[in-house]
Protein chains: 2
Amino acid sequence: MNAYRAADLIGAKRDGGSLDEDALAWLVQGYLETVERGDGPVSEGQMAAFLMAGMLNGFTEDEALALTRVLVESGDLLDLSGLSGPTIDKHSTGGVGDGTTLIVAPLLAACDAQVVKLSGRGLGHTGGTLDKLEAIPGMRVGLEPDELLRIAREVGCVVAAQTQRLVPADAALYALRDVTGTVASTALIASSVMSKKLAAGAGTIVLDVKAGDGAFMPTAAEAEILAGVCVRIGVAAGRNCVALVTAMDQPLGRRLGNGLEVAEAVQLLSTGPTGRLAEVALELAATALSVARGEGAVPSEALRAELTAQWSSGAALERLRAMVSAQGGDPAVCDRPEEVLPHAPVRRAVAVGRTGHVAALPARAVGEVVAALGAGRARKQDPVDPAVGVDVHVAIGDAVNATSPFVTIHARRDEDADRAARRLADVLTLSDEPVPAPPTVLHRVT
Amino acid sequence: MNAYRAADLIGAKRDGGSLDEDALAWLVQGYLETVERGDGPVSEGQMAAFLMAGMLNGFTEDEALALTRVLVESGDLLDLSGLSGPTIDKHSTGGVGDGTTLIVAPLLAACDAQVVKLSGRGLGHTGGTLDKLEAIPGMRVGLEPDELLRIAREVGCVVAAQTQRLVPADAALYALRDVTGTVASTALIASSVMSKKLAAGAGTIVLDVKAGDGAFMPTAAEAEILAGVCVRIGVAAGRNCVALVTAMDQPLGRRLGNGLEVAEAVQLLSTGPTGRLAEVALELAATALSVARGEGAVPSEALRAELTAQWSSGAALERLRAMVSAQGGDPAVCDRPEEVLPHAPVRRAVAVGRTGHVAALPARAVGEVVAALGAGRARKQDPVDPAVGVDVHVAIGDAVNATSPFVTIHARRDEDADRAARRLADVLTLSDEPVPAPPTVLHRVT
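These numbers were taken from a predicted model, which means no experiment stands behind them. (Residues numbered from 1 in each chain as written. Chains lettered and ligands numbered in written order. Predicted model: local features only at pLDDT ≥ 70, side-chain atom pairs only at ≥ 80, totals over all residues. Heavy atoms only, no water.)

Asker: Which residues make up the overall build of chain A, and what are the values?
Answerer: When you go through chain A residue by residue, the secondary structure sums to 17 helices and 13 strands. If you line up chain A on its principal axes, its C-alpha atoms span 70 × 45 × 40 Å. Across the 446 residues that make up chain A, the buried fraction comes to 59%. The long-range fraction of contacts in chain A, counting pairs at least 24 apart against all pairs at least 6 apart in sequence, stands at 77%. Of note, chain A has its 40 positive side-chain charges centred 3 Å away from the centre of its 55 negative side-chain charges. (Helix = DSSP H or I, 4+ residues; strand = E, 2+ residues; numbered from the N terminus. Buried < 20%, exposed > 50% of the residue type's maximum accessible area, 1.4 Å probe, protein only. Contact = heavy atoms within 4.5 Å. Lys, Arg positive; Asp, Glu negative; His and termini not counted. Charge placed at Lys NZ, Arg CZ, Asp CG, Glu CD.)

Asker: Tell me about the side chain of Asp-170 of chain B, and please be specific about residues and values.
Answerer: All names here are of chain B. Positionally, Asp-170 belongs in helix H8 (residues 168–179). Classification of Asp-170 by relative accessible area gives buried; the value is 6%. In contact with Asp-170, not counting residues within four places along its chain, are Leu-71, Ser-192, Ser-195 and Lys-196.

Asker: Any details on the relation of the copies chain B and chain A? Residues and values, ideally.
Answerer: Each of the two chain copies can be generated from the other by rotation about an axis followed by a shift along it. Once chain B is rotated about the relating axis by 180° and shifted along it by 0.1 Å, it coincides with chain A to within an RMSD of 0.0 Å. Both copies of the chain, as the preceding transformation shows, are related through a two-fold rotation axis. Among all residues of chain B, the minimum C-alpha distance to the rotation axis is found for Gly-45 of chain B, at 2.1 Å. Residue by residue, 100% of the interface of chain B is reproduced at the interface of chain A, so both copies engage with the same surface. (Least-squares fit on C-alpha atoms with pLDDT ≥ 70 in both.)

Asker: Could you give an account of the sheet that holds strand S7 (residues 346–351) of chain B, naming the residues involved and the relevant values?
Answerer: Residue and element names in this part refer to chain B. Taking strand neighbours across the sheet as the criterion, the 4 strands line up as S6-S9-S11-S7 in an open arrangement whose pairing is antiparallel. Two strands lie at the open edges of the sheet, namely strand S6 (255–256) and S7, each paired on one side alone. In this structure, strand S9 (residues 389–392) lies alongside strand S11 (residues 405–411), joined through 4 bridges in antiparallel fashion. Within the sheet, the bridge partner assigned to Val-392 lies in S11 and is Val-407. Lying over the sheet, helix H17 (residues 414–427) contacts S7, S9 and S11, oriented at roughly 150° with respect to S11. (Pairing = 2+ DSSP bridges. Axes fitted to C-alpha atoms, helices over the stretch in contact; angles between N-to-C directions.)

Asker: Could you give an account of the pattern of salt bridges, with specific residues and numbers?
Answerer: All names here are of chain B. The tally for this structure, following the rule as stated, stands at 73 salt bridges over all chains. For the salt bridge of Asp-335 with Arg-321, the shortest nitrogen-to-oxygen distance reads 2.5 Å. Linking Asp-335 in the loop between helix H14 (315–326) and helix H15 (337–340) with Arg-321 in helix H14, this pair joins segments that are 14 residues apart in sequence. Judged by relative accessible area, which is 18%, Arg-321 ranks as buried. Arg-413 is paired through a salt bridge with Asp-416; the nearest N and O atoms lie 2.9 Å apart. Take Arg-413: its relative accessible area is 42%, and that puts it in the partly exposed class. (Salt bridge = Lys/Arg side-chain N within 4 Å of Asp/Glu carboxyl O.)

Asker: Pulling in residues and values, what's your account of unusual backbone geometry?
Answerer: All names here are of chain B. Even without being a glycine, Asp-112 presents a positive backbone phi close to 70°. By the element assignment, Asp-112 lies in the loop between helix H5 (100–110) and strand S2 (114–119). You will see that Val-167, though not glycine, has its phi angle at about 35°, which is positive. Secondary-structure assignment places Val-167 in the loop between strand S3 (157–161) and H8.

This is the structure we're talking about:
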């Protein structure tokens, strides 16, 4: 590797230039040394200045590709070559009521694929799969690589925490981006997402890039751009990679909150695929399986039928039960979720107060209410409450009457429920005219 | 002061907004706490991201004004109210062979003004007044405020190091800008320069903003913009403030190097104002004295005559002698500079090798040769050699013949002289046609 001066590389980016992989590698490794040992050649301030310069002047797609490789090479790789079936990974850019992983992973396992999914925790208004799983009594999400592989082999799916030895440079960069206003760069988001997926080793990667006020990308057009960069990074690395752009302008699931989302997934896997959450989960699973089998990015009717059959037969629920059990959780959650999952002491149904058609129920605002009830965290180190949350009984396009509840609040205290009820009533927009239900799956990016 | 979140302020700047003084004060103080105590609310990375965002999106003039006040308020102020005459300060943005302070300060003192000048050290291709003064045996530049004021009262001029208690936030910010590619912002340069001048307390401030390849600002137009922002900051703070834009496309003085520049100043003060260095020094002194006396920014002929008389009579040299003596230096430097100042063991005259007219002798390249001989420093902590340097015998427009020397090199070793000679021959551009001598004082900004 060549020797560089950090100031020169920052200056090049500041002046609109682009860096090659060698220079990016030196910069990232130099900063990682500073984070890990305190004496690297690239200081916190230098990395932050570089990120802001790139944020404002833009990174090229070549830089995004190179940065992804640099991040992957900063740590260990998960070796999935010992698994028998097609290995599939799934990633969502995050949203509100996005419990797709809890459905997609066991559903793919039921179709003989093997899913090793490394997930994150919730932050701000968005939920995190690990927080949801930990609502199940006994559930362990901190697994070593050999345990991950064993469960994947035996059960077909496993969902656990990112280990510190995978892409440590991404963790270091993300922590800095988070506090320096440099999160919302397409290239930085794409390289962060894809470095983790590539290091996790799956042959097929399906991405769920959310668009809407509750997502990183507010518009479908921006989400499609991000999805395109991610897919091209995945393909360049020799993986099957495909993305769906899906709506995050309203909550995806009907139950929001850590335990409530587990209950909803169990309920859906018990009763069959209905509703928007099921639609997205099914489309993600079908798309992933189709590309994994070499059948192209648009799943055939036969494949959709196979997945629906595995879902409706209860085979997918069986895989979830086996996974929970293998990770130390109480498998009875798959039979009697309401008994096994924790309950919030206050339950409050809130009526709409007038008739109309739901025109808007913004995902971000609703997610913030859920987080404020205790289900989310403002800072990384905060604990989350597994019991609290909001059941949403309406979606955009639904006709409502004055007395029927549009939400049910699960709260720790009465005053929390009061505050949540007021805020939710504020953010619900009704129209006197009928409102068409908007589409949920918006684009397919290959 | 309000409470803020650093990420919000960075985001505002990143998105093209501007910050008010309250927000800037919180940001700067928060970073200063991090630098001084390690636990402020604004991290190194956050300040660097903010500076880069401002560098690329620009700062408003209101922000430059506010930032200057914030920097001034971060430390102590020098109280010059006990001095009798008009108090005058002078600042140059730095260049090659820019020994004006060594002439302007004693010249103004000879006209009954009082000059308390806090100076810096050289870095890169530019020289620094403190390094030059320290070439004089015994000279002390680290003076406490009471000593500064006593010498100013007794002698009329004193030139010393910036104390750590004046504008500590500027020192902290500058150290970060220096390594994060965020030096070259007009607003940041102006607030840095003017905060130090305002804290140093003089009623009249004259600025010498250099333009050319050897200066911060490569063109006269850019230098004029910087000068305008600086002057408006000074005026807004209730000071007399005026700026000259002067040429730095070739070395200003004829002798370059720490001891050599002292010798040149003594020689000029002994023999009278001739040459480009004398022209700039006289114009700066005349302009400062004119505004200090309320006679406007364009000095009258009578005032110029007064200054020329004080110069030619030896009165200004007497003040330099008194100042050197008061600061512990050997006053004989003003009588026999060649004896008192250190000598370099190798002295090498270099001939041009052909006839022609000097078309270019770029200040930066020549400054880099001087620094490489040992007169300058690459890093702040490096020592400098007081004896080495280059005498430049030609200026743009001069006719030269093949055998007459165009430079004389003062070096520590033969190989240093060889390298300097080759490099200087490379950067000298001759024309077959006559070349007009370019102007030295380019603009007056009030």
